[in-house]
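# Coordinates in review
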Amino acid sequence: MYRTYPYALLFATTTLLQVFLFDNLSLSLYLDPLVYLAFILLLPLDIPAAVLLGAGLATGVAMDMTMGAAGINTISTLLAAFVRPAIVGFCYGSENAREGGTPSPERMGRRAFVRYAAIVILIHHSVFFTLEALSLAHTLHNLARIVASSTATFAATWLLMRLFTAKLPLRI
Amino acid sequence: MGLRAVVSAIFEFDRGAVRKLIEFIRSVYVVVLFVVLEAVAVNFYAHSTAYTQARLLTRSNRLLGDAHGLVGDIGRYFTLGRENRRLIERVAELEERLAAYAEAENAERLESYIDSEQDPKYRMTTATLVGGAVNRSQNLLTLNRGYRDGISVGMGVLSPSGAMVGFVVDCSERYAVAMPVLNTSFRSSGRLAGTDYFGSISWDGRDAETVQLSDISKYAEPREGQEVVTTGFSQYFPEDVLIGWVERAELNETRTTYTVHVRLAAEISRLRDVVLVGNRDREVVGDLQEQVRQNGGAISPDRSATTN
């Protein structure tokens, strides 16, 4: 498969950042960025759905092992990987997506990229933090956590996307 | 009509059906794959407990513990100043206490005190945090000490200034995983200092600086700033370890008990080093239970006769 090495590097970068930086950073109860999702978000637009699911499974299981979270990363990342093609189709058009390439504002248009990333991140974080809190008692508190952490994840994803796509002209 | 024609007719029919089946599977296999994987993950999560999570973390620490330690060491350089100040404060505090003993003129009393310290009920050791943060509701902390260093499951974890942090829930050769009070599965007991009113300590997952002391009698009249300490019932902590201070208290709907919000004395989000407390009595009991278990759960008179 083409561009395997850059994506392997991206996987390593996002998981290591998550494990060694963000998992040890007690910023606040409301700010818990899950940057490993950037890997799922930045996979090629034309990736087969089954491969995407496989990537989601690998990322989720790796994160569950290192965080000591018994399954919530797998559950939420699998869901994110499963709905991603539909959301790409909704924001960018499935016909366009078939051309492939890394999702970025340059390729998809800023508006489409922001909507795509925001929807996937929100779906993932909603599942993650709802399961994590395991209660609907503090709905407002949970909502605040979802929104704040999603914003942080989005910012991190944007940065990673910039770094990841900036290398393109050098390599090609 | 020969047999051959019949066979080939069946075969034709089958081939068509199989092709249809394959097409159908191809059109839905991603959905099926997703549902199956998700079901397995949800099933695993539904059957997990805080201890499952601790065990997972202990296992991954075998692999990642050293790297965590290295990253942690780099981070430590930036907090050395603050840690040093805290140590000096602690030294000063202990010096003060030591001076009080030195001044004790009643030599007999001092001797009796030393006698009782010969074999203390609790043994203390230190550890450094190598992983874990408190920004979730199921937080776990990884410590850089394990069985090899005499750590065992059930040891209490205290902050350097002696405030309650949590207890060890799982342990490997070189690393231990502790559940801090900032984990919604944490349960312990707490008492309003200077009174006999006690209740249970837990965390509602909303604020990393306060925990809840519930089921306090309505006659307790908790005052703001009053100390909350551990009770003697806990098998993890010694008695009278500081937990925090009363921030506010509210009566429940039936006006029979108070829920007291306690400001934590230990700054768990900024914790670097911890003190571990092991209860020797509990360990002895644990060893005994382990021996009994190894003997197959029953020690028969015959068996002891044969060993004699």
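Residues numbered from 1 in each chain as written. Chains lettered and ligands numbered in written order. Predicted model: local features only at pLDDT ≥ 70, side-chain atom pairs only at ≥ 80, totals over all residues.

### Examining the overall build of chain B
When helices and strands are tallied, chain B shows six helices and twelve strands. For chain B, the proportion of its 308 residues judged to be buried stands at 30%. (Helix = DSSP H or I, 4+ residues; strand = E, 2+ residues; numbered from the N terminus. Buried ≥ 20, exposed ≤ 12 C-beta atoms within 10 Å, placed from the backbone.)

### Regarding the sheet that holds strand 1 (residues 122-131) of chain B
Whenever strands of a sheet pair, they do so through backbone hydrogen bonds, lying parallel or antiparallel. All names here are of chain B. Around the barrel, six strands lie side by side as 1-2-5-4-3-12; this closed barrel has antiparallel pairing. Each adjacent strand pair in this sheet contributes to an overall mean axis angle of 45 degrees, direction not counted. Judged from the three bridges that link them, strand 2 (residues 141-143) and strand 5 (residues 176-180) form a sheet pairing that is antiparallel. Looking at the pairing, leucine 143 lines up with alanine 176 of strand 5. In the packing of helix 2 (residues 50-76) onto the sheet, contacts are made with strand 1, strand 2, strand 4 (164-171) and strand 5, and the angle to strand 4 comes to roughly 100 degrees. Strands strand 1 and strand 12 (273-279) of the sheet are contacted by helix 5 (residues 280-294), whose axis makes an angle of about 60 degrees with strand 12. (Pairing = 2+ DSSP bridges. Axes fitted to C-alpha atoms, helices over the stretch in contact; angles between N-to-C directions. Contact = placed C-beta atoms within 7 Å.)

### Digging into the packing of helix 4 (residues 72-92) of chain A against helix 7 (residues 110-133) of chain A
All names here are of chain A. Axis separation between helix 4 and helix 7 bottoms out at 9 Å; the angle between their running directions is 155 degrees. Considered as vectors, helix 4 and helix 7 are oriented roughly antiparallel to each other. Relative to helix 7, helix 4 is oriented so that their crossing is right-handed. Across the interface between the two elements, Ile72, Ile75, Ser76, Thr77, Leu79, Ala80, Val83, Arg84, Ile87, Val88, Cys91 and Tyr92 of helix 4 pack against Ala112, Arg115, Tyr116, Ile119, Val120, Ile123, His124, Val127, Phe128, Leu131 and Glu132 of helix 7. Looking at the contact of helix 4 with helix 7 residue by residue, the classes come out as 17 nonpolar, three polar and three charged. (Parallel < 35°, antiparallel > 145°, perpendicular 65-115°, else oblique. Left-handed = near helix turned anticlockwise from the far one by under 90°. Nonpolar A, V, L, I, M, F, W, Y, C, P; charged D, E, K, R; others polar.)

### Points about the interface of chain A and chain B
Chain A puts 33 residues into the contact, and the matching count from chain B is 33 residues. Top contributing element to the side of chain A that touches chain B by residue count: helix 3 (residues 49-67) of chain A, with seven residues. Looking at the side of chain A that touches chain B residue by residue, the class counts come to 20 nonpolar, nine polar and four charged.

### With respect to the sheet that holds strand 7 (residues 198-202) of chain B
All names here are of chain B. The six strands are arranged 6-7-8-11-10-9 in a closed barrel whose pairing can be described as antiparallel. Across the sheet, the mean angle separating the axes of adjacent strands is 40 degrees when strand polarity is ignored. The pairing of strand 8 (residues 210-217) with strand 11 (residues 257-264) spans six bridges and is antiparallel. Bridging across to strand 11, leucine 213 finds its partner in valine 260.

### A look at the packing of helix 7 of chain A against helix 8 (residues 139-166) of chain A
All names here are of chain A. Where helix 7 contacts helix 8, the axes come no closer than 9 Å and their chain directions differ by 135 degrees. Relative to helix 8, the element helix 7 lies oblique. Two packed elements cross with a definite hand, and for helix 7 against helix 8 that hand is right-handed. Between helix 7 and helix 8, the residues in contact are Ala117, Ala118, Ile121, Leu122, His125, Ser126, Phe129, Thr130 and Ala133 and Asn142, Arg145, Ile146, Ser149, Ser150, Thr153, Phe154 and Thr157, respectively.

### Regarding unusual backbone geometry
All names here are of chain B. Of note, the phi angle at glutamate 221 is positive, near 50 degrees, even though the residue is not glycine. Topologically, glutamate 221 is positioned in the loop between strand 8 and strand 9 (227-230). Assessed through the 13 C-beta atoms surrounding it within 10 Å, glutamate 221 is described here as partly exposed. For arginine 255, which is not a glycine, the phi torsion comes out positive at approximately 60 degrees. Along the chain, the position of arginine 255 falls in the loop between strand 10 (242-251) and strand 11.

### Focus on the environment of B:Leu288
Tracing the sequence through the fold places B:Leu288 in helix 5. As a C-alpha pair, B:Leu288 and B:Tyr51 span 237 residues in sequence and 23 Å in three-dimensional space.

### Topic: the confidence of the model for chain B
Residues and elements named next belong to chain B. Mean pLDDT over chain B stands at 80; residues scoring 70 or higher make up 85%. Confidence scores differ between elements of chain B, with helix 6 (residues 301-307) showing the lowest mean pLDDT of 45 and strand 5 the highest of 92. Within the model, pLDDT remains below 50 along residues 302-308, and this stretch shows one contact once partners closer than five positions in the same chain are excluded. (pLDDT = per-residue confidence, 0-100.)

### Quick notes on the nonpolar core
Counting 105 residues, the largest nonpolar core has A:Leu37, A:Leu78, B:Leu143, B:Val165, B:Val168, B:Ala178 and B:Val274 as the members making the most contacts within it. Broken down by element, the residue count for this core peaks at ten residues, all from helix 4 of chain A. Residue contacts for B:Val168: discarding those within four places in its chain leaves B:Ile151, B:Val153, B:Gly154, B:Met155, B:Val157, B:Ala176 and B:Ala178. (Core = buried A, V, L, I, M, F, W, Y, C linked by C-beta atoms within 7 Å.)

### So, the environment of A:Leu17
Residues and elements named next belong to chain A. Residue placement: leucine 17 occurs in helix 1 (residues 4-21). The exposure class assigned to leucine 17 is partly exposed, which follows from the 17 C-beta atoms found within 10 Å. Note: C-alpha distance between leucine 17 and leucine 34 (17 residues apart in sequence) is 9.5 Å.

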